[in-house]
Every structure is written in structure tokens, then in C-alpha cells.
Amino acid sequence: MQKLFFLLALSCLIFSCQNKNSSPRTSASTSKDSISIWLSEARDNSNSKEKKRELLDKILRKSETLNSDTTRTKLFSKVSLAYKRIGDSTKFKKVNADLRNIASEIGDYQSLGEAYWDLGNYYKYAQPDSAYFYYKEAYDNFFKADLSEGAKEYPGRMLYAMAKVKDRNRDYVGAEKHAVDAINFYKEKNINSRLFSTYTFLATTQNGLNNFEKAIQYHKLARDYIKYRPKESQSLDSIYNNVNIANTYSRNDHYSKSSKVYEEILADDSLQTKDSRTYGKVLASLAYNKLKSGDTDYDNMANLIDKSTKVLDSLGDTYHQARNQEFLAELMIARHDTAKAVQAASEAKEIAQQTNNNDRLLSSVQLLTKIDRPNSAQHAQYYFALSDSLQTQERNIRDKFARIEMETDEVIQENEALARQKKIWAGIAFGLMLMAIATYIIITQRAHNQRLRFEQSQQEANQEIYGLMLNQQGKLQEGKQLEQKRISEELHDGILGQMLGIRLILSGLNERDDEAAIAQRAELIEKLQELEEEIRTISHELNDASYQKIHNFILAIEDLVKTIGESSGIQNSFSYEKNEDWDALQGELKINMYRIVQECLQNCVKHAQCENVTVNLGTESKLLELTIADDGKGFDVKKAKKGIGLKNITSRVDKLSGTLLIESSKGNGTTVRIKIPKEQKRNNSIEERKNASRKLQEA
């Protein structure tokens, strides 16, 4: 009973511990779910700004329960951007700063880059120099980051953003450089979907530099990348491309070309429904270019401008109304209605001032200096003052861009100096480690070298023995050749001469009239003639053999095959390539090939139970091919164990950089094919080269 009570108590204790341990995880999971729901609601445009702010504040309070800094950086990135979208700049900056601190501490460069990106977007109109700085910081961090799959294009987008900032502040050369860098980046990373917008922007920088031909070229290049854009936007992208080309023609005073392109754009009825703002701008642009091209249908132009104004009014687009009023003023000048022209130009000036449209403000004031004669001096003074102010402002901003880049370069140089110092210390540590490794290697190598010297001395002794054997075989063969020549001479000069004398004597006996004797003598003479002819043939064959060149290496193989065949009772045959200079082979190559043949033949005797063995030495391009085949019992190559003999053969083939192939199956005999390069790597040491040369000479 006590044991049962104890077990129940222990089970309850374990269960309660598990509940306590699982509680934080459950709580953390619930927190994440709640945060995801609130964040989704905060992004829902149907909710009011106040509702969104309350949800975002709740998310911030809840985020304090999260233990993972990585999770918090991802969350803060979304929350800070949400505060920016509802116009709460204070909360946006605070959360953005917290995000940068955490991301910097944990080395989350992607989140850090995204934080700087949000800051750049926040300041891009109000403080362009600050925006440029933050975009550059984002770019640098993205380059250091291990970017996620969907963020691979971020460095290119930052280059594009920096280019846009410079373009808005008339630093067209700097904008062009960043745009080209962005294009190169996208091409290198094969991000074709971004090249349409980037080439389009590069073309606008050329407009700013008055390189209109280049601008047209870049717009046409941009057209080639529309196919990589999303399917649903390709139609509008094609229209935008044509609008950009028409605008460039207009800036280059090619008003007829521009008018033609605008008319083609308006022929597509879908533009009005797909993008009303662009439709309204194109209407006014067509009217202006028709006017500039010399068209006199002023009523049509006035209707186009009026229609454009109504479309823009319906969209609440006040910014582009200054442009329409300036176009209307130009039209009134053409109609010689100066009063209405001054009224339209003045309205254009007023709208431009309200919308901070400085380019349109300058052009409208310049137009007023020409048509508002009574106030021409006042307009001119205002124009020059405004122009100088804008130029000074743009110059200051460009200087700030240059300082930001210079300071960044200085930071890069400092980082490079620190990196060099780290490399020096790392090199010192690496050098010490190498010294320790070298000391260990030297000690172990000495012992290894002693063992190698012993093995080498054994190998040299074996080579000496084989060299002596080849030398002895050569002398024996030389004796055989001399003996064959002597026998040949004896047969020709001695026996053949005697046989000739006997034939002549027997020919003299033909004078006897006895028919039996005559028949017998004729038969003997015929046999002597046959014997004479046979001896002559043998003499010639022996004499030719005595002068035939026989290679020592081939003779050694022949003797080996013959000896083993005679001792084992196996029928052996040996063939070789007659045109190959076998004695020219390196000594080590001949020694190892001899041993391989010897080992294979011994295996045939011991294991194959064969009746016939063939040995063939051939050549194939730069390879020597050795084939040894028997008709024995064979074996299963995959299952067979490698004995000492086969290991020796494999070792020698590997030493000669050759290949070994064994073909066999039970009951079908065995074939060994070996291919070895004719040219072997030479020994490096002088002593080894001398020994090899001496052994080849002796062979």
C-alpha cells in the first residue's frame, strides 16, 4: 500500500513539473499568435488610424515577452513600417531605433538594412541628404547579410533608390552611375524583372543630361525586359514605355514624332480605365506637342487640355494642374489672346508654388516675363532669385552627397586597416602553427625515411638481380646465335659438298646397263637431290636466324613462358608486337611487367586448373597492353578474395600508373588485361637517375 501511494505521488510530481515546463512554451506560442492577429488587423485599411495605433501599441507591449531577439527584429521591422504608414513619425523613429540596436547586437544585417531602408523612404522628400545616407547604410548592410530568398534583390533596389534621390536633386551624373551599378547587379544576379524600371530610370537621367538619343536607346532596351514583368502589368508597362519615348521626343523638340506616339497611346481605350492619371497627362501632352509642331486646330487642343484638367480634378491631382495651365497659356499666346495667356500662366505659377513644383514654377515665371509686359521686370527678378536659390540648394545637397560618400570611403579604409591588422596577427598565429606542424612532420618523416631507404635498397637489389639475369640471358642467346651460324656454315660447306660429290659419283654409275642398277641409282640420285634441297633450306633458315635481331626483354618473357609451361605441363603461347622497340622501355617498367607476367602464370598453375595459356604484348597509341588468358575453371570476380599475388599485381600496376581489368566467371576461364603508359615519370634524384641508366645499359 505504501509503495502504491509513493508511485502515485511521484506521478503527480512529474506531471506538475511537465505542466510547469510546458507553460512558457504554450504562453510564447499564444503570444506569437496574438501578435500575428493584431498585426494583420493593424494592416487592414478598413480600420481607423486610432484603431491601428492601439493595435500597434499592444504589439509593442506584448513583444517584451518574446525571448528571441531574431523574432523581435522581424516584428519591429513590420511594426515600425506600420507606424510610418499611419503617420505616427515619433513611434516610427523609436521602434526603428530599437530595431537597429537589436539587429546590430545580434548581427542581423538584413533587418538592419531594412531599418535603414525605411528611414531613407521617410526622409527622401524632406531631407534628401539624410535619405541618401540611410539608403547607403542599407546597401552596405545588405551586402554583408546572408539575404533570404525574397531579399536577394535588395542591394540593387538601394542603388536604384540612391539614384532616384540624386536625380530629384539634379545630380544626373551621380544618378546615372548608381543606375548603371544597379543594372549590372541585376544582370549578375539574373534578376530580370527589375531591369525594365531601372533602364527606364537610366533613360530619364539622360534626359536630364540632354543626351536624348541615349535616352531613346535606353527606353528601347527597357522594352526588351517587359516580358519579365508580372503578366498583369505588362500591358500598362508597354504603354508607359511609349509615353516615356514620346516625352523624350518632346524634350528634344521632335514634336511631330511625339504627337504621333501620343495618338497611338490614346488609341488604346484601356488606358483610361487602367491608369486615369497617365491618361489625363497624355491628353495635355498631345495638345502641347500638336501646338509646338505647328498644328492650328486650336479648338481641338483646347478640348484636349480641358478634358485632361477634368480627369486630374476627379483624381484630386493638383500637382499636374500647373502643367496644364502652362500649356493653356502657350495655346492662348498662339491665339493672340494675351490676357487669357497671362491669367493661365499666373494660375500655373500659383499652383506650382502650392505644390512645391519648382521646375514648373520656374518655367511659368519665365513665361510671364515674356507675356506680362507691365510686370516683366518683377517676374524676371523673381525668376533669377528663385533660380539662384534652387541652384544653391541643389549644389549644397550634391556636396552633402559627396561628403557622405567620402566619409563612407574613410570608414571603409579604416575597416580595411583593421582587417589588415587582423590578417597580420592571423598570419603570425598561422606561422607558429605551421612551425609546430613542420617540427612534428620532420620527426615522423625521419622514421618514415629510414623505413623507405630499407625498402628502396631491397628494390635496388631486386633490380640488380633482374639486370644480371637479363645480361646472362643475352650472353646465352648470343652463344646460341654463334652456334647456329657455325652449324649453318658446316651444313652448307661440308655436308652439302659431300652430298654433291656422292651425286656426281652415282651419276657416273649410270653407264651400267643393268636395268635394276639403273633404276636404283636413279632413285638414290633423286633422294640425294631432295636431301640437298632440304639441307640448303635449313642452312638458309639457320643463317637468317643468326643475324635476326632478338630483344633481350622479349627473350626473357619467352624463356619465362616456356619454362613455366614445361614445368607445369600447360600449353603456353607467347606473341608480341614486332614493330615495337621493347628494349627502349625504361628499366623499372620492364622489371615490373616481367614480374606481373610471372605472377599471373604462377596463378594459372596454382589455381586455374587450365590446359592452355596465351600471353600477348601489344601497343595502343601511347599505351602498352598486356593480355594473359587461360581456359581454366574461372571464378566470381565480385566475390573472390584478393590474395597476396593479386595484391602484388595491383600494386605494380598502380606504381606504373596503369589500369587492371580482370574478366572471369565460373567455368569460362580468366582474362587479365593491363594497360600501362609507355612514358613513365622519371626519378627526381641524380643518384636514382644514374642507377636507372646503368641498369638499362646492362640490360
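Just so we're clear, the structure is a prediction, and the values are computed from it rather than from any experiment.

**Quick word on the overall build of the protein chain**
Part 1 of the reasoning: In terms of regular secondary structure, the protein chain is built from 24 helices and five strands.
Part 2 of the reasoning: Buried positions account for 38% of the 699 residues belonging to the protein chain.
Part 3 of the reasoning: Summed over its atoms, the accessible surface of the protein chain is roughly 41,700 Å², and 50% of this surface lies on carbon and sulfur atoms.

**Here's the deal with helix H10 (residues 212-223)**
Every α-helix winds through 3.6 residues per turn, so residues three or four apart in the chain are directed the same way.
Part 1 of the reasoning: For H10, which comprises 12 residues, the first-to-last C-alpha distance of 17 Å matches the rise-based estimate of 16 Å (1.5 Å per residue) to within 8%.
Part 2 of the reasoning: Among the residues making up H10, those that are buried are Phe212, Ala215, Ile216, Tyr218, His219 and Ala222. One face of H10 carries all of its buried residues, which in axial projection span an arc of 165°. Residues Glu213 and Gln217 are exposed on H10 and point more than 90 degrees away from its buried face.
Part 3 of the reasoning: Among the structural elements, helix H9 (195-208) and helix H11 (231-251) are those in contact with the buried residues of H10.

**Observations regarding the packing of H11 against helix H12 (residues 255-266)**
Part 1 of the reasoning: Viewed as axis vectors pointing N to C, H11 and H12 meet at an angle of 160°, and their least axial separation amounts to 8 Å. What the angle tells us is that H11 and H12 run roughly antiparallel. In terms of crossing hand, the pair formed by H11 and H12 is left-handed. Of the residues in H12, those touching H11 at Ile239, Asn242, Val243, Ala246, Asn247, Tyr249 and Ser250 are Tyr255, Lys257, Ser258, Val261, Tyr262 and Ile265.
Part 2 of the reasoning: Grouping the amino acids of the contact of H11 with H12 by side-chain chemistry returns eight nonpolar, four polar and one charged.

**Digging into the pattern of salt bridges**
Pairing between side chains becomes possible if they bear opposite charge and their charged atoms approach one another.
Part 1 of the reasoning: In total, this model carries 19 salt bridges according to the counting rule given.
Part 2 of the reasoning: Two residues, Asp295 and Lys290, come together in a salt bridge whose shortest N-O distance is 3.8 Å.
Part 3 of the reasoning: A relative accessible area of 13% means that Lys290 is categorised as buried.
Part 4 of the reasoning: Two residues, Lys310 and Asp306, come together in a salt bridge whose shortest N-O distance is 3.4 Å. In this pair, Lys310 and Asp306 are both assigned in helix H15 (residues 298-315), four residues apart and thus about one turn of the helix distant.
Part 5 of the reasoning: Connected through shared salt-bridge partners, Glu50, Arg53 and Asp88 make up one network.

**Some remarks on helix H2 (residues 49-63)**
Part 1 of the reasoning: Between the first and last C-alpha of H2 there are 21 Å, a value that for 15 residues agrees with the 21 Å anticipated at 1.5 Å per step.
Part 2 of the reasoning: Where H2 is concerned, the buried positions are Lys52, Leu55, Leu56, Asp57, Ile59, Leu60 and Ser63.

**Structural notes on the packing of helix H7 (residues 154-168) against helix H8 (residues 172-188)**
Part 1 of the reasoning: Running from amino to carboxyl end, H7 crosses H8 at an angle of 165°, the nearest separation of the two axes being 8 Å. The orientation of H7 relative to H8 falls into the category roughly antiparallel. Read as a crossing pair, H7 and H8 show a hand that is left-handed. Between H7 and H8, the residues in contact are Pro155, Gly156, Arg157, Leu159, Tyr160, Met162, Ala163, Lys166 and Asp167 and Tyr172, Gly174, Ala175, His178, Ala179, Asp181, Ala182, Phe185 and Tyr186, respectively.
Part 2 of the reasoning: Of the residues that constitute the contact of H7 with H8, the class distribution is 11 nonpolar, three polar and four charged.

**So, the packing of aromatic side chains**
Aromatic rings in a pair are described by how distant their centres are and how their planes are angled relative to each other.
Part 1 of the reasoning: According to the stated counting rule, one finds 19 aromatic pairs in the structure shown.
Part 2 of the reasoning: Aromatic pair Tyr116 and Tyr134: ring centres 6.1 Å apart, planes at 20°, arrangement stacked. Of this pair, Tyr116 sits in helix H5 (residues 109-123) while Tyr134 sits in helix H6 (residues 128-144), placing them 18 residues apart in sequence.
Part 3 of the reasoning: For Tyr116, a relative accessible area of 14% puts it in the buried group.
Part 4 of the reasoning: One aromatic cluster is present, built from ring pairs that chain together Phe92, Tyr116, Tyr122, Tyr123, Phe133 and Tyr134.
Part 5 of the reasoning: The ring of Tyr382 is capped by Lys349, whose NZ or CZ atom sits 4.6 Å from the centre of that ring.
Part 6 of the reasoning: The side chain of Lys578 reaches across the aromatic face of Tyr576, ending 4.4 Å from its centre.

**Quick word on the confidence of the model for the protein chain**
Part 1 of the reasoning: Here the protein chain averages 81 in pLDDT, and 78% of its residues register 70 or above.
Part 2 of the reasoning: For the stretch residues 1-8, pLDDT sits under 50, and the model shows zero contacts to residues farther than four places along the chain or on other chains.
Part 3 of the reasoning: Low confidence marks residues 12-27, where pLDDT is under 50. Its contacts with residues over four positions away, or in another chain, come to zero contacts.

**A few points about the sheet that holds strand S2 (residues 612-620)**
Part 1 of the reasoning: Read across the sheet, five strands follow the order S1-S2-S3-S5-S4 without closing on themselves; strand pairing throughout is mixed. Edge strands, defined here as strands with exactly one partner in the open sheet, are strand S1 (571-576) and strand S4 (659-664). Taken over all neighbouring pairs, the strand axes of this sheet differ in orientation by 10° on average, direction set aside.
Part 2 of the reasoning: This element, helix H22 (residues 587-608), spans S2, strand S3 (623-630) and strand S5 (670-677) of the sheet and lies at about 15° to S3.
Part 3 of the reasoning: Packed on one face of the sheet, helix H23 (residues 644-655) meets S4 and S5 and runs near 145° to S4.

**With respect to the nonpolar core**
Part 1 of the reasoning: By size, the foremost hydrophobic cluster in this structure holds 62 residues, and its most contacted members are Leu56, Ile59, Val79, Tyr83, Tyr135 and Tyr199.
Part 2 of the reasoning: Sequence-distant contacts of Ile59, defined by excluding residues within four places in its chain, comprise Ile35, Trp38, Leu39, Leu75 and Val79.
Part 3 of the reasoning: In terms of nonpolar packing, the next biggest core, distinct from the first, is built from 36 residues, Ile216, Val282, Leu304 and Val342 among them.

**Concerning the pairing of S5**
Moving residue by residue along a regular strand, the side chains alternate between the two faces of the sheet.
Part 1 of the reasoning: Summarising the sheet, S3 and S5 pair through eight bridges and their orientation is antiparallel. From the neighbouring strand, Asp630 faces S5, where its bridge partner is Thr670.
Part 2 of the reasoning: Connecting the antiparallel pair S4 and S5 is a turn made up of five residues, with Gly667 showing a positive phi of about 85°.

**So, a nonpolar patch on the surface**
Part 1 of the reasoning: Residues Phe430, Met433, Leu434, Ile437, Tyr440 and Ile441 make up a contiguous nonpolar surface patch of roughly 600 Å² in combined accessible area.
Part 2 of the reasoning: With respect to the secondary-structure elements, Ile441 resides in helix H19 (residues 376-508).

**Section: the side chain of Ser270**
Part 1 of the reasoning: In this fold, Ser270 is placed in helix H13 (residues 270-274).
Part 2 of the reasoning: Ser270 gets classed as buried once you look at its relative accessible area, which sits at 19%.
Part 3 of the reasoning: Only 2.7 Å separates the side chain of Ser270 from the side chain of Asp268, close enough to count as a polar contact.

**What to know about the environment of Asn121**
Part 1 of the reasoning: Summarising the element assignment, Asn121 is placed in helix H5.
Part 2 of the reasoning: The class of Asn121 is partly exposed, set by a relative accessible area of 24%.
Part 3 of the reasoning: Linking Asn121 and Ala131, residues 10 residues apart in sequence, is a C-alpha distance of 6.7 Å.
Part 4 of the reasoning: Every residue in contact with Asn121, bar those within four places of it in the chain, is listed here: Lys84 and Tyr135.

**Quick word on unusual backbone geometry**
Part 1 of the reasoning: Despite not being glycine, Gln609 shows a phi value in the positive range, around 55°.
Part 2 of the reasoning: Within the fold, Gln609 resides in the loop between H22 and S2.
Part 3 of the reasoning: Despite not being glycine, Ser621 shows a phi value in the positive range, around 60°.
Part 4 of the reasoning: Its location among the elements puts Ser621 in the loop between S2 and S3.
Part 5 of the reasoning: With relative accessibility at 69%, the residue Ser621 sits in the exposed group.

Here is what the cut-offs are and how they apply
- Residues numbered from 1 in each chain as written.
- Predicted model: local features only at pLDDT ≥ 70, side-chain atom pairs only at ≥ 80, totals over all residues.
- Heavy atoms only, no water.
- Helix = DSSP H or I, 4+ residues; strand = E, 2+ residues; numbered from the N terminus.
- Buried < 20%, exposed > 50% of the residue type's maximum accessible area, 1.4 Å probe, protein only.
- Areas by Shrake-Rupley, 256 points an atom, 1.4 Å probe, with all protein chains shown as cover.
- Expected span 1.5 Å × (residues − 1).
- Arc of directions from axis to C-beta.
- Contact = heavy atoms within 4.5 Å.
- Axes fitted to C-alpha atoms, helices over the stretch in contact; angles between N-to-C directions.
- Parallel < 35°, antiparallel > 145°, perpendicular 65-115°, else oblique.
- Left-handed = near helix turned anticlockwise from the far one by under 90°.
- Nonpolar A, V, L, I, M, F, W, Y, C, P; charged D, E, K, R; others polar.
- Salt bridge = Lys/Arg side-chain N within 4 Å of Asp/Glu carboxyl O.
- Phe/Tyr/Trp six-rings, centres within 6.5 Å; stacked < 30°, edge-to-face > 60°.
- Lys NZ or Arg CZ within 6 Å of the ring centre and 35° of its normal.
- pLDDT = per-residue confidence, 0-100.
- Pairing = 2+ DSSP bridges.
- Core = buried A, V, L, I, M, F, W, Y, C linked by side-chain atoms within 4.5 Å.
- Patch = residues over 30% accessible without salt bridge, like charges linked within 9 Å, V, L, I, M, F, W, Y side chains within 5 Å.
- Polar contact = N/O pair within 3.5 Å; in protein donor to acceptor, adjacent residues only side chain to side chain.

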